[in-house]
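# Architecture and fold: a report
For reference, the chains in residue letters:
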Amino acid sequence: MRRVITTLAILLVVVVAGMTALVLLVNPNDFRNYMVKQVAQRSGYQLEINGDLRWHVWPQLSILAGRMSLTAPGASQPMVTADNMRLDVHLWPLLSHQLSVSQVMLKNAVIRVTPDSDAQRPQGAPVGPGDNASPGASGDGWSFTIGKLRLADSLLIWQQRGGAEYNFRDLNLAMSQDADQNARLDLATRVSRNQRNLSVRLNGVMNVAQYPHRLTGQIDEFAYTLDGVNLPPQGIKGVLSGQGDWDGDNQQFSLQNVQLSANDSALQGSAQGRLALPQQLTLALKASALNFDALLVGAASTDGGVTQHASVMRPPVIAEPRTRDNADSPLTDLDLSLRLEADSATWRGLALSNLRIDLQNQQGLIALNALQGNMGPGHFSIPGSVDIRQPVTKVAFQPELDNIALAPLLKAFELPAALQGSVSLKGDLQGDGLSVAEAKRFWQGSADLEADNVQLSQLDLQQMVRRAVTRLSNRVSNDQPDSQGIEQLSGHIALQQGKVQLPDLHGGNSRMAVQTQGSVDVVNQQLDVTLNLMLRGWKGDDQLADVLNKQSIPLRVYGRWDNLQYALPVDEVMRQQVQDKAKARLNDWLDRQQPAKPSR
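The shown structure was predicted, so the numbers you read here are calculated from the model rather than taken from an experiment.

### Some thoughts on the pairing of strand β31 (residues 526–535)
Remember that side chains alternate between the two faces of the sheet whenever the strand is regular. When you tally the buried positions in β31, you get eight out of 10 residues, the bulk of the element. In the sheet, strand β30 (residues 512–521) pairs with β31 via 10 bridges, with the strands oriented antiparallel. When the sheet's bridge partners are listed, Val 514 is paired in β31 with Leu 533. Connecting β30 to the antiparallel partner β31 that follows it, the hairpin turn spans four residues, and Gln 525 within it adopts a positive phi of roughly 60°. Direction of pairing for β31 relative to strand β33 (residues 553–560): antiparallel, over a ladder of eight bridges. Across the sheet, the residue bridging to Val 529 is Val 557, located in β33.

So this is what it looks like as structure tokens:
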């Protein structure tokens, strides 16, 4: 054991002595011109290192430098600047006059991927073939290789020509490369824009053999968190994985075998696009379960017809005067094609199935080719268009509903679920805005409607009429059992900026006929609707029963939703009928009293 310890101690002394001698005998500043020359020969970029280079021997033999910059040919700004640079080098190649850099580390670096930092071809310069110099070739007996790159506490400024600028802060990158030029990446950063914050962390492998023309690789994990104004209070977070391909010459990318999670939703599919303007993105996704209520602000419906305000993050007071419009939307700079299928989905509390969305966006003009699916036993289809090229969103939809349950639909649109049954309609709507509140206030249009098995909660129409007649007269009665609501109701309805007009809805069942007219003000939560009811099955006094079996009795429902008033003037109807009969008999008697005209 003593021999082992002695041997290790001797080896340690030799290594320390060798490194000390190297530090004393080799001046790292001798490598400055070589590194600048090699970078210029291989890439055309200009490397500038300010200050003296110095050795750092523990725990890794390194060359430390002060401020550095790397500038592309003809660029007005450097592509990379850093306050500190560290080059970890191998010891033994130095003894044979070879500089082998195992890792480059930059701290507090600023990386610019902008038009000002791009290489500029001199005006009138001929276009020649690409640089065919083989990696590692040199004419002076030196070699230069880099196996690892690290960035710490850095900033990435990314901007496409003519596009917006994005600042990726707190950039930390660790990249290691093997002999086959497969690079392992570990990246973390965050970006803020329009009072929204996006944090990402990426782990993956890419092949850099054809860089900068092409990159291919595997995204093992791309974890993200998005929060801020006009997003759900809990934000949106999830993980993405898949295989990727990047075409640097055309600024195009593609992702295959994508696995994406967003809150409690999970999707699979593919994506491809282009970052150069005009930006393009094509998505083909499929989900087993999709929860829009957890992804869209204000998507969750309310309970009991009472509005509940989610604690959505709002802009700070200093930013309140700024009016938010569609200029904040990334869709105004993007050509998007989306095909989305979901086995099941949730929107504003509605349980949907077999959902299919097919839309095309051309820089803010969205063509909704298909938005369809099933809701219970019913089916819906809502094609249309959305225009966000102006500050105010313009929409136009042609909804078609077939056998859709009424109560949950009313609840989803924050209306009292006072009706039960199913509805079918075909309509045409247009207006300003996409939210439910904007739809109520600013949309207009019309629709042909058919409703089946309609029941009014807490209102038994037949019983109300029977009781009103019984209080006036005991000469008639109606023993027909109560039916289960209105079996069928159809007609035309119109929407005009918050008011639903009911010019003529008619229907009924085997025991009652109904004709409805009036209006519903969904903005001010008021209504004034008259239901003309004709109840069949009266018996007793023949004349009075005959009147009631043939005469409609108006039931007027009016006032605010939380304090509705009712008017059922049965006495006026009966009195009018008596007066009409009396007038008719009087007219008949007068006609009989007139003398007959003499014959010629």
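### As for the pattern of salt bridges
In total, this model carries 16 salt bridges according to the counting rule given. A salt bridge links Asp 153 to Lys 107; the nearest nitrogen and oxygen atoms lie 2.9 Å apart. Of the two residues, Asp 153 is situated in strand β9 (residues 144–159) and Lys 107 in strand β7 (residues 99–107); the sequence distance between them amounts to 46 residues. For Asp 153, a relative accessible area of 42% puts it in the partly exposed group. When the shortest N-O distance is used, the salt bridge between Arg 348 and Glu 414 registers 2.7 Å.

### A closer look at the nonpolar core
Across soluble globular proteins, you tend to see nonpolar side chains buried next to one another. One finds Leu 290, Leu 340, Leu 533 and Trp 538 to be the most contacted residues of the largest nonpolar core, which totals 74 residues. At six residues, the largest contribution of residues to this core is made by strand β18 (residues 334–347). Other than its neighbours up to four places away in sequence, Leu 533 contacts Leu 461, Val 465, Met 512, Ala 513, Val 514, Gln 551, Ser 552, Ile 553 and Leu 555.

### A closer look at the environment of Ile 49
In this fold, Ile 49 is placed in strand β1 (residues 46–49). The spatial distance from the C-alpha of Ile 49 to the C-alpha of Thr 81 is 9.9 Å, given a sequence separation of 32 residues. Those residues in contact with Ile 49, other than ones at most four positions away along the chain, are Arg 32, Met 35, Ala 65, Arg 67, Met 68 and Met 85.

### As for helix α2 (residues 32–43)
Between its first and last C-alpha atoms α2 spans 17 Å; for 12 residues at 1.5 Å apiece the expected length is 16 Å, and the two agree. Every buried residue of α2 is listed here: Arg 32, Tyr 34, Met 35, Val 36, Gln 38 and Val 39. Just beyond α2, the residue with positive phi is Gly 44, at close to 85°.

### Digging into unusual backbone geometry
Of note in this structure, Asn 263 is not a glycine but carries a positive phi near 55°. Along the polypeptide, Asn 263 turns up in the loop between β15 (252–262) and β16 (265–274). Phi is positive for Gln 363, which is not a glycine, with a value near 50°. Relative to the assigned elements, Gln 363 resides in the loop between β19 (350–362) and β20 (365–375).

### Brief notes about the environment of Ala 82
By secondary structure assignment, the location of Ala 82 is in strand β5 (residues 80–82). Through-space distance from the C-alpha of Ala 82 to that of Ala 109 is 3.9 Å; in sequence the pair is 27 residues apart. Those residues in contact with Ala 82 that sit more than four places away from it in its chain are Gly 66, Arg 67, Met 68, Leu 106, Lys 107, Asn 108 and Ala 109.

What counts and how
Residues numbered from 1 in each chain as written. Predicted model: local features only at pLDDT ≥ 70, side-chain atom pairs only at ≥ 80, totals over all residues. Heavy atoms only, no water. Buried < 20%, exposed > 50% of the residue type's maximum accessible area, 1.4 Å probe, protein only. Helix = DSSP H or I, 4+ residues; strand = E, 2+ residues; numbered from the N terminus. Pairing = 2+ DSSP bridges. Salt bridge = Lys/Arg side-chain N within 4 Å of Asp/Glu carboxyl O. Core = buried A, V, L, I, M, F, W, Y, C linked by side-chain atoms within 4.5 Å. Contact = heavy atoms within 4.5 Å. Expected span 1.5 Å × (residues − 1).

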